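Now for the letters of each chain:
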Number of protein chains: 2
Amino acid sequence: MKPINDPSSIDRRALLSTLALAPMLSAPLFSAPVLAQGAPLPSWNDGATKQAILEFVRATTDRSRPTYVLPEERIAVFDQDGTLWVEHPMYTQVVYCLERVPAVVAQKPELKDVEPFKTVLSGNREAMAKLSMHELEQILAATLTGMSVEEFKAEASKWLETAKHPRWNRPYTELVYQPMLEVLHHLRDNGFKTYIVTGGGQDFVRVYSEKVYGIPPEHVVGSAGGTKYGYGKDGKPFLTKEPKVLLNDNDAGKPEGIHFMIGRRPYVAFGNSTGDREMLEWTGAGTGPRLMLLLLHDDAAREYAYGPAAGLPDSKVGTFTQALYDEAKQNGWMVISMKDDWKEVFPTNTVGGATR
Amino acid sequence: MKPINDPSSIDRRALLSTLALAPMLSAPLFSAPVLAQGAPLPSWNDGATKQAILEFVRATTDRSRPTYVLPEERIAVFDQDGTLWVEHPMYTQVVYCLERVPAVVAQKPELKDVEPFKTVLSGNREAMAKLSMHELEQILAATLTGMSVEEFKAEASKWLETAKHPRWNRPYTELVYQPMLEVLHHLRDNGFKTYIVTGGGQDFVRVYSEKVYGIPPEHVVGSAGGTKYGYGKDGKPFLTKEPKVLLNDNDAGKPEGIHFMIGRRPYVAFGNSTGDREMLEWTGAGTGPRLMLLLLHDDAAREYAYGPAAGLPDSKVGTFTQALYDEAKQNGWMVISMKDDWKEVFPTNTVGGATR
């Protein structure tokens, strides 16, 4: 089945809240992006944004300055979709769920003629784009729950090895932003712990976060479903993924999830959408130096342009709205222009047949 | 008010499941225990248990051995109450909740003549020991929720500075087990990440975990209530602790909580009660070398004797039952005898007017 390219009828935020259903990992799956040595942030153009990031790190790590932050307090949080990797035309995890439907139906043939599975099996993109939230939730529940955490990890890992983004024909895990990888490294080099705080499924992101971002499973905070402890016929215990949302890690759920999972207020927060608003507010409300940034997708040539950059008064896909842009300006959050601030968008060392 | 010394009528496990309601910290509050330099585990008597711990660490950190474990995979989990510090005659957090009642009633005078608050205010220990689970839950909800996460942290920190255990007349945070502090250090010195996985309240334990155990807030997995994001009159955001259980980190909740919060299966698990059974099972079900231990309280002179050590066929307080003892023997989990394995029980450098 081909990925769906028109997500216009899908409410992203409501959808993400149902992604709360995904296990962990450790085995190397993907090639680690090579990072440039030498001066930090080489893929960033010189300018106010790059300088602000570099200056923040100096200010918080220089013991002689009043803005010094103890190493154990150095927490940096990053949204994932649209902040660390491409989120258009559809969240990668949603593509995964839709493409898993044939395998689920093979296991449960009674679903073959039942909606919404029938529509997904048809491959009719227009019909798929019209699926209701309730129907999408059924698909997510069917594809992300009911298996052991190890089974889920194995399935998602396998899919990620072969699935490719329709525009670039590259694995999704290569469509991460090189400048953001450099920010992650620069922060870690300076004693910051980097966390992903995503509305996407925690277990899904954990499958590749260590290899792709250098962020270990225990530093992934995401929407999460419950698991249920049980015993196999051999008496061996296992955890089954349950269709029960424990944490909806979007909007107010982000600071709530950060408190729950980390227990410290971050000093650095990167996001790109209204779902990150409260996380940036919560970060900024701390005392001392704090750094908040939003990535503006304004580069249709190299990636995408949407939100205020696309001239929309208010984005239908619930992402970077004009209201968020205004709040950023009012609160002193920096807005990263992909077009102006980034020399490179994707890691070049992993480019295969890229069409960019 | 004096702490209650007779918890016999309280169901410990059911009670713990309601402790899911507690914020974080960072400021130094307590004196850090001084650890001996030189050979590891100096407060352990030579014997099979000490040797097993030392050999496990060698086996998992020596690259030339087939049992080698990658540093990022080295996760060790520890129950807290009765495993890292004294849990008798009553969980410290329950003492905290009971002793907070006067302050809560001062804020809400209408509770003065209402049960169960009236009984707690009376100071009548016998009556307090007879409080029902439902009544205790009301007390926990009233004392652990409804305030901001910062307010909770400040209140709990303040209490811990002055509260003392009735038997030793020492701060609770000094009644940690010196041999276990040495295990934590030895594991960390060898690249293991140490986590607390407690049925107690996550936010409560985070108040002192870094200073007392060297375990940072983000490595505390505990029973946890939800928080609610909101804005003050000044527009500043805050998180309020809600009386809604997100994670009941007991029994099966421990492996479920470990998966949720850490996303990796531990290699080492220490516990002391039936609430830790599933955590040890889950740890032991992994491939490769795994180390599971249960602490047996068999030292009435220096600490307490309860569970099988006290000759009970099945402990009424739901702790180390005979059935758990049998499962440990069957699964090859080691049982630590406090009496035989430990030279010292508590850190000696912080002893004040100890009566032991």
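Residues numbered from 1 in each chain as written. Chains lettered and ligands numbered in written order. Predicted model: local features only at pLDDT ≥ 70, side-chain atom pairs only at ≥ 80, totals over all residues. Heavy atoms only, no water.

Mind showing me how you'd approach helix α8 (residues 178-189) of chain A here?
Because the α-helix completes a turn every 3.6 residues, residues three or four places apart line up on one side. All names here are of chain A. If you check α8, its first and last C-alpha atoms are 16 Å apart, about what 12 residues at 1.5 Å a residue would give, namely 16 Å. Within α8, nine of the 12 residues are buried, which leaves the element mostly enclosed by the surrounding structure. Inspection of α8 places Gln178, Pro179, Met180, Leu181, Glu182, Val183, Leu184, His186 and Leu187 among the buried residues, and these make up the whole buried set. Those residues of α8 hidden inside the fold are in contact with α2 (48-61), β1 (75-78), β2 (193-201), α10 (209-213) and β5 (268-271). (Helix = DSSP H or I, 4+ residues; strand = E, 2+ residues; numbered from the N terminus. Expected span 1.5 Å × (residues − 1). Buried < 20%, exposed > 50% of the residue type's maximum accessible area, 1.4 Å probe, protein only. Contact = heavy atoms within 4.5 Å.)

What am I meant to see in the relation of the copies chain B and chain A here?
Put simply, the two copies of the chain differ by a rotation about an axis and a shift along that axis. The two copies are related by a screw operation: chain B maps onto chain A through 180° of rotation and 0.0 Å of translation along the axis, at an RMSD of 0.0 Å. Seen this way, the second copy is the image of the first under a two-fold rotation axis. (Least-squares fit on C-alpha atoms with pLDDT ≥ 70 in both.)

How do you make sense of the interface of chain B and chain A when you look at a structure like this?
Taken together, the 43 residues of chain B in the interface contact 43 residues of chain A. Between chain B and chain A lies a buried interface of about 3600 Å² when both sides are counted; carbon and sulfur atoms form 56% of it. Our count for the contact surface shared by chain B and chain A stands at eight salt bridges. With a shortest N-O distance of 3.2 Å, Glu210(A) and Arg264(B) are connected by a salt bridge. At the junction of chain B with chain A, the criterion picks out 26 residue pairs in polar contact (both at pLDDT 80 or more). Put simply, the parts of the chain that give the side of chain B that touches chain A at least two residues each are α7 (149-162), β2 (193-201), α9 (202-206), β3 (220-231), β4 (237-247), α11 (253-261) and α12 (277-284) of chain B. Per-class residue counts for the side of chain B that touches chain A are 22 nonpolar, five polar and 16 charged. (Buried area = accessible area lost by both parts, 1.4 Å probe. Salt bridge = Lys/Arg side-chain N within 4 Å of Asp/Glu carboxyl O. Polar contact = N/O pair within 3.5 Å; in protein donor to acceptor, adjacent residues only side chain to side chain. Nonpolar A, V, L, I, M, F, W, Y, C, P; charged D, E, K, R; others polar.)

Would you take a moment to explain the pairing of β3(B) for this structure?
Within a regular strand, side chains alternate between the sheet's two faces. All names here are of chain B. Of all 12 residues that make up β3, 10 are buried, and the element is covered over most of its length. Relative to β3, β2 runs parallel, the two sharing four bridges. Residue pairing across strands places threonine 198 opposite glycine 222, the latter belonging to β3. Two strands pair when backbone bridges link them, and β3 and β4 are joined in this way by seven bridges, in the antiparallel orientation. Each bridged residue has a counterpart across the sheet, and for threonine 227 the counterpart in β4 is lysine 241. (Pairing = 2+ DSSP bridges.)

Sorry if this is basic, but what is going on with the pattern of salt bridges here?
Pairing is possible between side chains that carry opposite charge, provided their charged atoms lie close to one another. Counting across every chain of the model gives 38 salt bridges over all chains. When the shortest N-O distance is used, the salt bridge between Asp46(A) and Lys50(A) registers 3.4 Å. What makes Lys50(A) buried here is its relative accessible area of 9%. Between Glu281(B) and Arg277(B) there is a salt bridge, with the nearest N and O atoms lying 3.0 Å from each other. One end of the pair, Glu281(B), and the other, Arg277(B), are both in helix α12, four residues apart, so they sit about a helical turn from each other. Look at Glu281(B) and you get buried, because its relative accessible area is 10%.

Can you help me understand the side chain of Gln80(A) in this one?
All names here are of chain A. Mapped onto the elements of the fold, glutamine 80 is located in the loop between β1 and α3 (92-107). The buried category is assigned to glutamine 80, whose relative accessible area is 1%. Those residues within four positions of glutamine 80 in sequence are excluded, and the remaining contacts are Trp85, Ile196, Val197, Thr198, Val205, Tyr208 and Tyr213.

Would you take a moment to explain unusual backbone geometry for this structure?
Here the amide bond leading from Glu115(A) into Pro116(A) is cis, since omega sits at 5°, within 30 degrees of zero. Locating Pro116(A) in the fold gives a position in the loop between α3 and α4 (117-122). Backbone geometry places Leu41(B), a non-glycine residue, at a positive phi of 55°. Within the element layout of this structure, Leu41(B) appears in the loop between α1 (12-16) and α2 (48-61). Phi angles above zero are rare outside glycine, and Asp251(B) is one such case at about 55°. Assignment of secondary structure puts Asp251(B) in the loop between β4 and α11. The class for Asp251(B) is buried, based on a relative accessible area of 17%.

Please explain helix α7 (residues 149-162) of chain A as it appears in this structure.
Residues and elements named next belong to chain A. If you check α7, its first and last C-alpha atoms are 21 Å apart, about what 14 residues at 1.5 Å a residue would give, namely 20 Å. Residues of α7 that are buried: Val149, Phe152, Ala156, Ser157, Trp159 and Leu160. Down the axis of α7, the sector holding all buried residues measures 165°, keeping them to one side. Projecting away from the buried face of α7 at angles above 90 degrees are the exposed residues Lys158 and Thr162. (Arc of directions from axis to C-beta.)

Where do I start with the sheet that holds strand β4 (residues 237-247) of chain A in this structure?
Backbone-to-backbone hydrogen bonds pair the strands of a sheet. The strands run either parallel or antiparallel. All names here are of chain A. If you trace the seven strands from one edge of the open sheet to the other, you get β4-β3-β2-β1-β5-β6-β7, paired in mixed fashion. Strands with a single pairing partner mark the edges of an open sheet, and in this sheet they are β4 and β7 (334-337). On average, adjacent strands in this sheet sit at an angle of 35° to one another, irrespective of strand direction. When strand β6 (residues 291-296) meets β7, the two strands line up parallel, connected through four bridges. Across the sheet, residue leucine 294 finds its bridge partner in β7, namely valine 335. Here helix α12 (residues 277-284) sits on the sheet and contacts β1, β2, β5 and β6; the angle it forms with β5, its principal contact strand, is near 160°. (Axes fitted to C-alpha atoms, helices over the stretch in contact; angles between N-to-C directions.)

Looking at this structure, I do not really get the environment of Pro171(B). What am I missing?
Residues and elements named next belong to chain B. For proline 171, the position within the fold is in the loop between α7 and α8 (178-189). Residue class for proline 171 comes out buried when judged on its relative accessible area of 16%. Separated by 11 residues in the primary sequence, proline 171 and leucine 160 place their C-alpha atoms 7.1 Å from one another. Every residue in contact with proline 171, bar those within four places of it in the chain, is listed here: Ala163 and Lys164.

Got a minute to help me understand the pairing of strand β5 (residues 268-271) of chain B in this structure?
All names here are of chain B. Residues of β5 alternate between two faces, with Val268 and Phe270 on one and Ala269 and Gly271 on the opposite face, all of them buried. In this structure, strand β1 (residues 75-78) lies alongside β5, joined through three bridges in parallel fashion. If you follow valine 77 over to β5, its bridge partner there is alanine 269. When β5 meets strand β6 (residues 291-296), the two strands line up parallel, connected through four bridges. Within β6, the residue paired with alanine 269 across the bridge is methionine 292.

I'm lost on the sheet that holds strand β7 (residues 334-337) of chain B in this one. Help?
Reading across the sheet, the seven strands line up as β4-β3-β2-β1-β5-β6-β7 (chain B) and stay open at both edges, with mixed pairing between neighbours. At either end of the open sheet lies a strand with only one pairing partner, and these are β4 and β7 of chain B. For this sheet, the mean inter-axis angle between neighbouring strands, taken without regard to orientation, is 35°. Sitting on the sheet, helix α11 (residues 253-261) of chain A is in contact with β3 and β4 of chain B, with an inclination near 155° to β3(B).

Which parts of the structure should I look at to understand the packing of aromatic side chains?
Enumeration over the complete set of coordinates arrives at 33 aromatic pairs over all chains. Pairing Phe56(A) with Phe192(A) gives two aromatic rings, centres 6.2 Å apart and planes at 40°, and the pair type is tilted. Taken together, the positions of Phe56(A) in helix α2 and Phe192(A) in the loop between α8 and β2 put the pair 136 residues apart, joining distant regions of the chain. Phe56(A) gets classed as buried once you look at its relative accessible area, which sits at 6%. For Phe192(A), a relative accessible area of 4% gives the class buried. A connected cluster of aromatic rings, assembled from ring pairs, spans Trp85(A), Tyr96(A), Phe152(A), Trp159(A), Tyr172(A), Phe204(A), Tyr208(A) and Tyr213(A). Cation over ring: Arg167(A) sits above Tyr304(A), and NZ or CZ is 4.9 Å from the ring centre. One residue, Arg265(B), lies across the ring of Trp282(B), its end atom 3.8 Å from the ring centre. (Phe/Tyr/Trp six-rings, centres within 6.5 Å; stacked < 30°, edge-to-face > 60°. Lys NZ or Arg CZ within 6 Å of the ring centre and 35° of its normal.)

Note that every value here comes from positions in space, so none of it alone points to a role or purpose.
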